[in-house]
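Breakdown of the fold
Now for the letters of each chain:
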Amino acid sequence: MIKLTNVNKVYGKGDSAVHALKDVNLELPSGKFISIVGKSGSGKSTLMNIVGALDSCTSGEVEIDGEVLNNKTSNQLADYRNKKIGYIFQSFYLEPTFTVLENVAMPMTIAGVNRKEREAKAMQAISDLNLLDKAKKKASELSGGQKQRVSIARALVFDPDIILADEPTGNLDSQNGQEVIALLQKICDSGKTVLLVTHNIDDARKTDIMVEIKDGVIANIIENDEATKKAAQHASDYDADGNLIEKSATSKNDSFEQEDIEINVELAGNNDKQDVKTEKNISSLDVADKAQKVEE
């Protein structure tokens with residue numbers, strides 16, 4: 001279980017201080033696919049970084065599966081990060097001059113695992129992600145989708161209990177993005193806890209639990225039922241057996257952030273066109289009827 005008690009995170013001091021998290025109290029069950037959603041600057045990545053021990057809270061307590069992170073030394077936190085947590089980032093963070101095998105094996109190299117063992121485990125992770133034919137290629141030679149698969153393999157190589165994915169589809173086209181979300185679901189189905197930070201509401205609705213954060217405060221916790229998760233999938237993306245159809249796509253995922261989009265609308269009855277602005281706003285989720293307000 002991921003448990004945060006009265007967690008605050010403040011950057012800076014005095015008048016310039018930024019209160020990124022404000023008295024966050026949150027309990028998330030193990031073995032679930034959980035999404036954290038909110039606008040840029042809402043505190044969602046800060047929350048994930050604190051769970052992953054990439055950052056520490058200013059006050060409060062962080063407990064992961066019975067272990068209180070506040071009580072750990074720097075060396076203990078480093079070991080926790082390397083073995084307990086698997087990280088997946090939007091920008092991949094692969095060493096471009098290293099091969100796929102070397103990148104995937106990196107956590108074990110840092111931990112001092114002998115070469116034979118780490119290469120065997122890395123090759124297994126590479127195989128699980130259908131990348132065996134890329135094992136000897138340098139990371140710089142891969143496509144964006146392939147790079148993200150390599151980063152997922154690296155996150156899994158130590159068989160961690162928790163996977164933290166920070167905007168993992170942000171740099172991918174829609175098809176590769178869907179495949180990454182499907183992979184994260186399979187990882188969760190294997191018994192791991194998956195924590196996904198995303199702006200994409202459709203991706204969030206595919207998870208078991210949605211946590212909405214606003215201005216550093218937990219605003220809503222929504223449990224998605226199977227109907228909600230199914231509705232988030234596009235029917236045309238799946239065959240009669242429910243398997244993802246292989247197809248090319250170049251459009252980006254819709255952003256969950258508020259933004260203005262210029263669109264062309266053809267007026268009925270003639271060929272004149274006009275520019276129309278439309279707005280997507282995350283401030284209200286249309287699944288709010290299921291929302292449970294978190295008591296402060």
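In the block above lies the structure referred to throughout.
Reference entry: report on the structure contained in this document. (Residues numbered from 1 in each chain as written. Predicted model: local features only at pLDDT ≥ 70, side-chain atom pairs only at ≥ 80, totals over all residues. Heavy atoms only, no water.)

**A short note on the nonpolar core**
What counts here: Take the buried residues of types Ala, Val, Leu, Ile, Met, Phe, Trp, Tyr and Cys, join any two whose side-chain atoms come within 4.5 Å, and each joined set is a nonpolar core. Using a 1.4 Å probe on the protein chains alone, a residue whose accessible area is under 20% of its type maximum counts as buried, one over 50% counts as exposed, and one in between counts as partly exposed. A run of H or I in DSSP counts as a helix once it spans at least four residues, and a run of E counts as a strand once it spans at least two, with each numbered from the N terminus. Should any heavy atoms of two residues lie within 4.5 Å, those residues are considered in contact.
Grouped together as the largest cluster of nonpolar side chains are 35 residues, with contacts concentrated most on Val104 and Leu184. For this core, the secondary structure elements donating two or more residues are helix H3 (100–111), helix H4 (115–128), helix H5 (144–156), strand S7 (162–166), helix H6 (174–189) and strand S8 (193–198). By residue number, the principal contributor to this core is H6, which donates six residues. When neighbours within four sequence positions are excluded, Leu184 is seen to be in contact with Phe33, Ile88, Ile163, Ala165, Pro168, Val194 and Leu196. Counting residues in each nonpolar core, the second largest holds 30 residues, with Ile2, Ile162, Val197 and Ile218 among its members.

**Comments concerning the side chain of Thr207**
Short version of the rule: Here a polar contact means two N or O atoms within 3.5 Å. Within protein one must be a hydrogen donor candidate and the other an acceptor candidate, and residues neighboring in sequence count only if both atoms are side-chain atoms.
Looking at where Thr207 falls in the secondary structure, it is placed in the loop between helix H7 (201–205) and strand S9 (209–214). Note on Thr207: relative accessible area 0%, which makes it buried. Polar contacts involving the side chain of Thr207 include one to the side chain of Ser35, which spans 2.9 Å. Sequence-distant contacts of Thr207, that is, excluding residues within four places in its chain, are made with Phe33, Ile34, Ser35, Leu196, Asn224 and Lys229.

**Focus: the pattern of salt bridges**
We apply this condition: For salt bridges, the criterion is a side-chain nitrogen of Lys or Arg within 4 Å of an Asp or Glu carboxyl oxygen.
Inspection of the entire model under this criterion finds 14 salt bridges. Across the salt bridge formed by Lys84 and Asp65, the nearest N and O atoms sit 2.8 Å from each other. In this pair, Lys84 is assigned in the loop between helix H2 (74–83) and strand S6 (85–89) and Asp65 in the loop between strand S4 (59–64) and strand S5 (67–68), connecting sequence segments 19 residues apart. For Lys84, a relative accessible area of 13% corresponds to the buried category. Members of the salt-bridge network, linked through shared partners, are Asp65, Lys84 and Asp161.

**Here we look at the pairing of strand S3 (residues 33–37)**
Selection criterion: DSSP-based pairing: two strands are paired if at least 2 bridges between them are found.
With five of five residues buried, S3 lies mostly within the body of the structure. The alternating pattern of S3 places Phe33, Ser35 and Val37 and Ile34 and Ile36 on opposite faces, both of which are buried. Relative to S8, S3 runs parallel, the two being bridged by five bridges. When the sheet's bridge partners are listed, Ile34 is paired in S8 with Leu195. When S3 meets S9, the two strands line up parallel, connected through four bridges.

**What to know about the environment of Gln146**
Within the secondary structure, Gln146 is located in helix H5. On the basis of relative accessibility, which here comes to 23%, the residue Gln146 falls in the partly exposed class. In sequence terms Gln146 and Val100 are 46 residues apart; their C-alpha atoms lie 9.8 Å from each other. Excluding anything up to four places from it in sequence, Gln146 contacts Leu131 and Lys134.

**Considering the sheet that holds strand S2 (residues 18–28)**
Sheets are built from strands that pair by backbone hydrogen bonding, the pairs being arranged parallel or antiparallel. Operational definition: Here the axes come from fitting lines to C-alpha atoms, over the contacting stretch only for helices, and the angles between their N-to-C directions go from 0 to 180 degrees.
The sheet built from four strands is open, its strands ordered S2-S1-S4-S5 with antiparallel pairing. A single partner strand is all that each edge strand has here, and the edge strands are S2 and S5. Examined bridge by bridge, strand S1 (residues 2–11) and S4 share five bridges and lie antiparallel to one another. Opposite Ile2, over in S4, you have Ile64 as the bridge partner. Sitting on the sheet, helix H1 (residues 44–51) touches S1, S2 and S4, and the angle it makes with S1 is about 120 degrees.

**A closer look at the side chain of Gln148**
Tracing the backbone through its elements, the reader meets Gln148 in helix H5. The class of Gln148 is buried, set by a relative accessible area of 0%. Contacts of Gln148, omitting those with residues within four sequence positions, involve Ile88, Phe89, Gln90, Phe92, Pro168, Leu172 and Val180.

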